[in-house]
Amino acid sequence: MKTLLDLGTQPLVNNLCATKEESLTAKRYRLRAEMADDMLINLDAESTVPPEELYEHYLYRSGINTPYVKHCEDMARLFVSSRRGTVIDVGGNDGTLLKAFRRTMRIENLINVDASSSMREENESAGIRYVEGYFSANMDLPRADIITSTNVFQHTSDVHKFLTAIVEHLHDDGIWLLEFPYTLNTLRTLQFDQFYHEHYYYWLMTPLIKLLSTYQLEVVHVEEHYIHGGSLRLIIRKDKDSWYKFDYAKYVEKEISFDYNGWNDKVAYKIKKDRETIENLDGTVAFFGAAAKGCVYMNALNLQASDKYLYIVDDTPAKEGKWMPGTGLQVVARDTLRYEKPDNLIILAHNFKDYIIKSLDGYDGNIITMFWGNHADF
């Protein structure tokens, strides 16, 4: 195993804090990713955090994110001509994707399997069956015509348990829609902020295809999407029923030819240069997006509250008034920009930068993103 990335220690990115002091003294955990000879990338053993700590204070809501809602609508339309009766969404959060399936296909048997206890009421009020827990083969679930897992599979440290559950709960002629940030794009564009404790695996196609084949699962279609800084969407079926086998050779060729050596050094250089750039900005600085990647970025650069660094803007009501771990910076509502106008606004949620920039009409300060190239490969 070789080290791909070492970010030292980082707080848990989604566990926002109640006070500034709690934020500045938040517990930190080692964050180091390693790569095996077969190109499998994951966090090392000392970077693994128990799930109950990761998801204890989970505040993310899919439905707040307008670009993601549209992404879900487009995804559901893929199946509009299909006659499907049951859809299971693994890690479905507030039910945003399942609601899109209902609007598009009028499916009534919708099931959300999610580890968080805080999402039940929102799902059940929308008529979605909510099964709290980690997706497994022994769950009491009907066989699904469609199983979706978007931006979830990389969170799963026990992939064998997950894939066993896919085989168990998917109809023989069913479809598994798997979507994840494509790690080769992450590496090419130096998006080191995609690495945090909830993301245990960082998937390339080469090891993924090998893994799926051991469960007789076959990729029949691949699409590239800009969501989450560059993602792959895979349509997967049980091998015996596969009507088409996708030619993924171009992905394997690119992955094998990429130079993984020294990526950690490139990240360290970017962190150094970005900090210098931000420190040299004239005037005050605020940030936009109290998302996981933003927390990683702020802590990697060691940016903390001061007369220069003011606050973090976010549109999620549950996050507002809390404090980003490790920074001493409070999360505030967008309206704050109207009466406390910073000279500079740095977009931390750079994967949605185009939407955010358009939504900031009326803000006349300097808008900055440090990851302009995050869609370069797509």
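Caption draft 1: Fine view of the pairing of strand β12 (residues 309-313). In terms of burial, β12 is a largely internal element, four of the five residues being buried. In this sheet, β12 lies alongside strand β11 (residues 285-288) in parallel orientation, the contact comprising three bridges. Of the residues in β12, the one forming a bridge with V285 is Y309. Read from β11 through helix α11 (residues 292-300) to β12, the crossover connection turns out right-handed.

Caption draft 2: Just the packing of aromatic side chains, in detail. One pass over the structure, following the stated rule, counts 15 aromatic pairs. Ring geometry for Y182 versus Y251: centroids 5.9 Å apart, planes at 85°, classification edge-to-face. Here the residue Y182 occupies a position in the loop between β8 (170-181) and α7 (183-188), and Y251 occupies one in helix α9 (residues 249-257), the gap between them amounting to 69 residues. Each member of the pair, Y182 as well as Y251, is classed as buried.

Caption draft 3: Local environment of the pairing of strand β2 (residues 28-35). Counted residue by residue, β2 has six buried out of eight residues, so it is predominantly covered. Note that strand β1 (residues 2-11) and β2 share seven bridges and pair antiparallel. Residue pairing for β2: T9 is matched across the bridge by R30. Connecting the antiparallel pair β2 and strand β3 (residues 41-43) is a turn made up of five residues, with M39 showing a positive phi of about 75°.

Calculation rules
- Residues numbered from 1 in each chain as written.
- Predicted model: local features only at pLDDT ≥ 70, side-chain atom pairs only at ≥ 80, totals over all residues.
- Heavy atoms only, no water.
- Buried < 20%, exposed > 50% of the residue type's maximum accessible area, 1.4 Å probe, protein only.
- Helix = DSSP H or I, 4+ residues; strand = E, 2+ residues; numbered from the N terminus.
- Pairing = 2+ DSSP bridges.
- Right-handed = clockwise from strand over helix to strand, strands pointing away.
- Phe/Tyr/Trp six-rings, centres within 6.5 Å; stacked < 30°, edge-to-face > 60°.

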